[in-house]
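Survey of secondary and tertiary structure
Residue strings, one per chain:
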Amino acid sequence: MSRMVQCIKLGREAEGLERLPYPGPLGQRIFEQVSKEAWGSWLKHQTMLINENRLSPMDPKARRFLEQQMEQFFFGDGAEVPEGFVPPSTKGG
């Protein structure tokens with residue numbers, strides 16, 4: 001049976017993560033309050049932040065930025081979107 005959580009991002013009960021997705025207290029908080037579906041949304045948003053801001057995950061400054069954005073995404077007012085970002089078109093070409 002899947003572990004269920006009251007997902008803070010979706011505002012409803014949903015399937016929880018199988019293990020801590022991130023180390024430390026933030027990872028524990030995410031594990032307890034964020035669903036697999038919402039975590040997947042974060043991973044897509046994080047990829048966009050890395051690509052649009054040309055971040056290197058090896059750079060400690062970039063990792064701190066991404067951690068702050070992750071906390072905002074789940075527990076704050078939402079993570080930022082890079083200036084001038086235009087989502088890919090979903091229309092057929």
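Scroll up a little and you will see the structure.
Let me sum up the structure you'll find in this document. Computed from a predicted structure; not experimentally measured. (Residues numbered from 1 in each chain as written. Predicted model: local features only at pLDDT ≥ 70, side-chain atom pairs only at ≥ 80, totals over all residues. Heavy atoms only, no water.)

A word on the overall build of the chain
Counted only if it meets this: Only DSSP runs of H or I covering at least 4 residues are called helices, and only runs of E covering at least 2 are called strands; the numbering of each starts at the N terminus. Categorising residues by exposure relies on relative accessible area from a 1.4 Å probe, with only protein chains included: less than 20% of the type maximum marks a residue as buried, more than 50% marks it as exposed, and the intermediate range marks it as partly exposed. Whether two residues are in contact is decided by their heavy atoms, any of which lying within 4.5 Å being enough. A 1.4 Å probe and the Shrake-Rupley method give the accessible areas. Residues count as covered only by the protein chains that appear here.
The helix and strand inventory of the chain stands at three helices and two strands. Starting at the N terminus, the α and β elements of the chain follow one another as β-β-α-α-α. Counting over 93 residues, the chain shows a buried share of 30%. Intrachain contacts of the chain at a sequence separation of at least 6 include 50% that bridge at least 24 residues. Summed over its atoms, the accessible surface of the chain is roughly 6,500 Å², and 50% of this surface lies on carbon and sulfur atoms.

Some points on the environment of Leu49
Take Leu49: it is sitting in helix H2 (residues 36–52). It is 9.1 Å that separates the C-alpha atoms of Leu49 and Gln69, two residues lying 20 residues apart in sequence.

A few points about the nonpolar core
Counted only if it meets this: Nonpolar core, defined: a set of buried Ala, Val, Leu, Ile, Met, Phe, Trp, Tyr and Cys residues in which side-chain atoms within 4.5 Å join the residues together.
Ile30, Val34, Trp39, Trp42, Met70, Phe74 and Phe75 are the most contacted members of the largest nonpolar core, which has 17 residues in total. Going through the elements one at a time, helix H1 (24–33), H2 and helix H3 (60–75) are the ones with two or more residues in this core. The leading source of residues in this core is H3, at six residues. Discounting residues that sit within four places of it in the chain, Val34 has contacts with Val5, Cys7, Ile8, Gly16, Leu17, Trp39, Phe74 and Phe75.

Looking at the packing of aromatic side chains
Spelled out, the test is: Ring pairs shown here join Phe, Tyr and Trp side chains whose ring centres sit within 6.5 Å, with only the six-membered ring taken for Trp; geometry is labelled stacked below 30 degrees between planes, edge-to-face above 60, and tilted in between.
Enumeration according to the criterion identifies five aromatic pairs in this entry. Residues Trp42 and Phe73 carry aromatic rings whose centres are separated by 5.3 Å and whose planes lie at 55° to one another, so their mutual orientation is tilted. Of this pair, Trp42 sits in helix H2 while Phe73 sits in helix H3; the two residues are 31 residues apart in sequence, bridging distant segments of the chain. Taken individually, Trp42 and Phe73 each receive the classification buried, so the pair is uniform in this respect.

Here we look at H2
Our working definition: For a helix, the expected span equals 1.5 Å multiplied by the residue count minus one.
Over its 17 residues, H2 runs 24 Å from end to end, which matches the ideal 24 Å to within 8%, given 1.5 Å per residue. The inward-facing, buried residues of H2 contact strand E1 (4–7), H1 and H3. Positive backbone phi, at 50°, marks Arg54, one or two positions downstream of H2.

Examining the packing of H1 against H3
Heads up, the condition is: Note on geometry: axes are lines fitted to C-alpha atoms, helical ones only across the stretch in contact, with angles between N-to-C directions running from 0 to 180 degrees. Working definition: roughly parallel below 35 degrees, roughly antiparallel above 145 degrees, roughly perpendicular at 65 to 115 degrees, and oblique for all remaining angles. Left-handed is the label given to a crossing in which the near helix is rotated counterclockwise from the far helix by less than a right angle, and right-handed is the label when the rotation is clockwise. Each residue gets one label: Ala, Val, Leu, Ile, Met, Phe, Trp, Tyr, Cys and Pro are nonpolar, Asp, Glu, Lys and Arg are charged, and the others, such as Gly, are polar.
At a minimum axis separation of 11 Å, H1 and H3 run at an interaxial angle of 30°. By the criterion of interaxial angle, the relationship of H1 to H3 is roughly parallel. Along this stretch, H1 crosses H3, giving a crossing that reads as left-handed. Residue-level inspection shows Leu26, Arg29, Ile30 and Gln33 of H1 in contact with H3, the latter providing Glu67, Met70, Glu71, Phe74 and Phe75. Classifying every residue of the contact of H1 with H3 by side-chain character gives five nonpolar, one polar and three charged.

Just distances and angles here, no functional claims.
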